[in-house]
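A closer look at the structure
The residues making up each chain are set out below.
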Amino acid sequence: MKTSTLFIRTPEGIVFSQLLAGPVTRFGAWFIDQLCIQVLLTLLGTALSLLEIVSLEFALAFYVIGWFFIGIGYGILFEWSWRGQTIGKKLFRLRVVDVEGMRLQFNQIVVRNLLRFVDQLPAFYFVGGVACWLNSKCQRLGDLAANTIVIRSPRVSEPDLDQLLAGKFNSLRQFPHLVARLRQNISPMEADIALQALLRRDEFDPVSRVELFGDLAAHFNAKIEFPPEATDGVADEQYLRNVVDVLYRTRPENRLEKTAVA
Amino acid sequence: VIVDLQRFIANERPFWNELEKLLDRLEAEPNARMSLEQLQLFHQLYERTAAGLAKITTFSSEPEIRHYLENLVARAYGEIHETREKQRRFFPLEWFFQTLPQTFRRHVRAFYLSLAVTIAGCAFGGLAIAFDPDAKPVLMPFSHLLQDPAKRVAEEEKATHDRLQGVKTTFSAELMTHNTKVAIFTLALGMTWGFGTILMLFYNGVILGAVAVDYIRAGETKFLLGWLMPHGVIEIPAILIAGQAGLMLALAIIGRGRRRSLRTRLREISQDIVTLIFGVACLLVWAGFVEAFLSQYHEPIIPYAAKIAFGCVELVLLSLYLARSGTRKKLETGGPAE
């Protein structure tokens, strides 16, 4: 089955996920890399124009060899020294990793880059694109041979909760033990649904909006029942704001600014 | 179960930071060795962080922390569960005189297959020209090969000026890069279950056979040997080795008679394929030099006998290198017999 996430289960039973990069994002990164290669070739040409003064024959020979090395070596060199990234991949937050989560090895990088010769057939990576589209892990032929995948690490952006929840008294916070239980019992998907409903509240027509927030409030209330003094007189939409507030608001000192992989 | 998330994060963060520092060090210095105590600490930190991830995954929010921990666990997992041999520092001479010929011999059956396909192509091309000389324009890809051999030899031997004057180095560079690209393409086509590689090898054989028979029929055998041997005895084996690598890839994909998974089969040959293709590139650099600086000069400038002798010496040295280089070292270290 085709999926955008690869889950790896360690022998200890821990599951971690890797978001797979799709063909369009990868094409974007490839396009940027092609531009970088063109820039490098232009720089090489300019540098060799000085050598032309001494010997035109040598300048041309160096250009031919340089063109070959830059064309083939660009991906290998960058992916090796930047641990699976090229300039294009860095911009698109993509990274080549081993399909089983192991350390990426030099020979894997070489194989995936050499097999571009087949992936780019007949033009614009048609073969690679089709393989990527058909493969459950979005691997082109080079990735298949090298046992690699391309993952994306999107920046985890926090919703603008201040704008959404500003200036409101949260009656649920009076009951920290129930708040703790709520955070424990609500799944990430449920929390996201509540958040998305609030963020997109103005897109609903009035009747649907009332119905939706009524259903969601009932759902969350059924999970953890707060005492009447926390919920009486609180509209369903406000109740949901309070729920999102206690689920998503964390103290600033608990933020981990640094990400594991730069 | 985490009762107080804030306290849990505050308690665990020093361990996560320590693991992150260890991982940074490991990744920055791949050859560094850890002591037993460091290894124990590393494993302990990994297990603790993994357990933290398992706990935090049940939480509805904290996507940042979950993401951070997933990254940490993924990196540590790669280091701890890696069973492949750690990459050693690269020693060019050891690689050239031991690793490359040993790798070639380990997969010599794929080379024989590559050779057999090329010979079949040669036979086809040769017979096609012998029985139907009019097929020449179809079989020969380059215009200069379409010329009558006797006429070409006469022109070459009468030439008074060096037609490669001022472009020899460029010509040599073009030959090297073009042939290396052909070799990589031959290897990469192994992904087509080997059909592409076999087609490339067969087609190369067809051209070679057709050219050879064309010149032999015209009575220009000496010229042919003098022209092709100096660079051909290196260039042709190089393409055969590229075909060998392509066929290894194909055999790993097909996996007939092997109970291991596709992923394992590909992992097993990945390093060897890279070794072979870098070896091919080295051979083609030499062949490019020889073709531009020697092969294109004929009698009376260079006697054919000298060129043929040069080719023979190269062939013997290459055969000895591929068959014998690195064998003594293997016996001394008690490695498996080849």
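Residues numbered from 1 in each chain as written. Chains lettered and ligands numbered in written order. Predicted model: local features only at pLDDT ≥ 70, side-chain atom pairs only at ≥ 80, totals over all residues. Heavy atoms only, no water.

1. So, the pattern of salt bridges
Residue and element names in this part refer to chain A. This model, assessed by the stated rule, comprises 21 salt bridges over all chains. With a closest N to O distance of 2.8 Å, Arg112 and Asp143 form a salt bridge. On the criterion of sequence distance, the pair formed by Arg112 in helix H4 (residues 106-114) and Asp143 in helix H7 (residues 141-146) is long-range, its members being 31 residues apart. Note on Arg112: relative accessible area 1%, which makes it buried. On the basis of relative accessible area, Asp143 is assigned to the buried category, the value being 0%. (Salt bridge = Lys/Arg side-chain N within 4 Å of Asp/Glu carboxyl O. Helix = DSSP H or I, 4+ residues; strand = E, 2+ residues; numbered from the N terminus. Buried < 20%, exposed > 50% of the residue type's maximum accessible area, 1.4 Å probe, protein only.)

2. A look at the confidence of the model for chain B
All names here are of chain B. Residues of chain B with pLDDT of at least 70 account for 92%, and the chain-wide mean is 88. Taken as a whole, residues 333-338 scores under 50 in pLDDT and shows six contacts with residues more than four places along the chain or in a different chain. Under the prediction, the complex receives an ipTM of 0.86, its pTM being 0.80. (pLDDT = per-residue confidence, 0-100. Contact = heavy atoms within 4.5 Å.)

3. Section: a negative patch on the surface
Negative charge collects at one region of the surface, where Asp205, Glu211, Asp215 and Asp236 of chain A lie side by side. When you line up the elements, Asp215 of chain A lands in helix H11 (residues 206-223). (Patch = residues over 30% accessible without salt bridge, like charges linked within 9 Å, V, L, I, M, F, W, Y side chains within 5 Å. Areas by Shrake-Rupley, 256 points an atom, 1.4 Å probe, with all protein chains shown as cover. Lys, Arg positive; Asp, Glu negative; His and termini not counted. Charge placed at Lys NZ, Arg CZ, Asp CG, Glu CD.)

4. Topic: the sheet that holds strand S3 (residues 94-98) of chain A
Residues and elements named next belong to chain A. A sheet is described by the order of its strands in space; here four strands give the open sequence S1-S2-S4-S3, paired in antiparallel fashion. Each edge of the open sheet is held by one strand with a lone partner, namely strand S1 (5-9) and S3. On average, each strand axis in the sheet is inclined to that of its neighbour by 50°, with strand direction left out of account. As judged from the two bridges shared by strand S2 (residues 15-20) and strand S4 (residues 148-152), these two strands associate in the antiparallel manner. Residue pairing across strands places Leu20 opposite Ile151, the latter belonging to S4. (Pairing = 2+ DSSP bridges. Axes fitted to C-alpha atoms, helices over the stretch in contact; angles between N-to-C directions.)

5. So, the interface of chain A and chain B
Contacts between the two partners involve 64 residues from chain A, matched on the other side by 68 residues from chain B. For the pair chain A and chain B, the summed buried area comes to about 6200 Å², and 60% of that belongs to carbon and sulfur atoms. On inspection of chain A and its partner chain B, the count reaches three salt bridges. With its nearest N and O atoms 2.9 Å apart, the salt bridge here joins Arg267 of chain B to Asp98 of chain A. Of all the secondary structure elements, the ones that give two or more residues to the side of chain A that touches chain B are S2, helix H2 (56-81), H4, helix H5 (116-119), H7, helix H9 (176-185), helix H10 (188-199) and helix H13 (236-248) of chain A. (Buried area = accessible area lost by both parts, 1.4 Å probe.)

6. Re the side chain of Glu57 of chain A
Along the chain, Glu57 of chain A turns up in helix H2. Setting aside anything within four residues of it in sequence, one finds Glu57 of chain A in contact with Gly166, Val167, Lys168, Thr169 and Thr170 of chain B.

7. Comments concerning the packing of helix H10 (residues 221-254) of chain B against helix H11 (residues 262-295) of chain B
In a packed pair of helices, the relevant descriptors are the angle between the two axes and the axis-to-axis distance. Residues and elements named next belong to chain B. Viewed as axis vectors pointing N to C, H10 and H11 meet at an angle of 170°, and their least axial separation amounts to 8 Å. Considering the angle they form, H10 stands roughly antiparallel to H11. You can see that H10 and H11 cross each other, and the crossing is left-handed. By residue class, the composition of the contact of H10 with H11 is 25 nonpolar, three polar and four charged. (Parallel < 35°, antiparallel > 145°, perpendicular 65-115°, else oblique. Left-handed = near helix turned anticlockwise from the far one by under 90°. Nonpolar A, V, L, I, M, F, W, Y, C, P; charged D, E, K, R; others polar.)

8. Things to note about unusual backbone geometry
Residue Pro122 of chain A is bonded to the preceding Leu121 of chain A through a cis peptide linkage, with omega at -20°. For Pro122 of chain A, the position within the fold is in the loop between H5 and helix H6 (126-134). Residue Glu299 of chain B is joined to Pro300 of chain B through a cis peptide bond whose omega torsion reads 10°. Residue Asn147 of chain A is not a glycine yet carries a positive backbone phi of 60°. With respect to the element layout, Asn147 of chain A can be found in the loop between H7 and S4.

9. Looking at the packing of aromatic side chains
Per the stated rule, a full pass over the model turns up 21 aromatic pairs over all chains. Relative to Phe96 of chain B, the ring of Trp95 of chain B has its centre 6.5 Å away and its plane inclined at 45°; by these criteria the two rings are tilted. When the ring centre of Trp82 of chain A is taken as reference, the NZ or CZ atom of Lys90 of chain A above it lies at 4.6 Å. We note Arg48 of chain B situated over the ring of Phe15 of chain B; from NZ or CZ to the ring centre the distance is 3.8 Å. (Phe/Tyr/Trp six-rings, centres within 6.5 Å; stacked < 30°, edge-to-face > 60°. Lys NZ or Arg CZ within 6 Å of the ring centre and 35° of its normal.)

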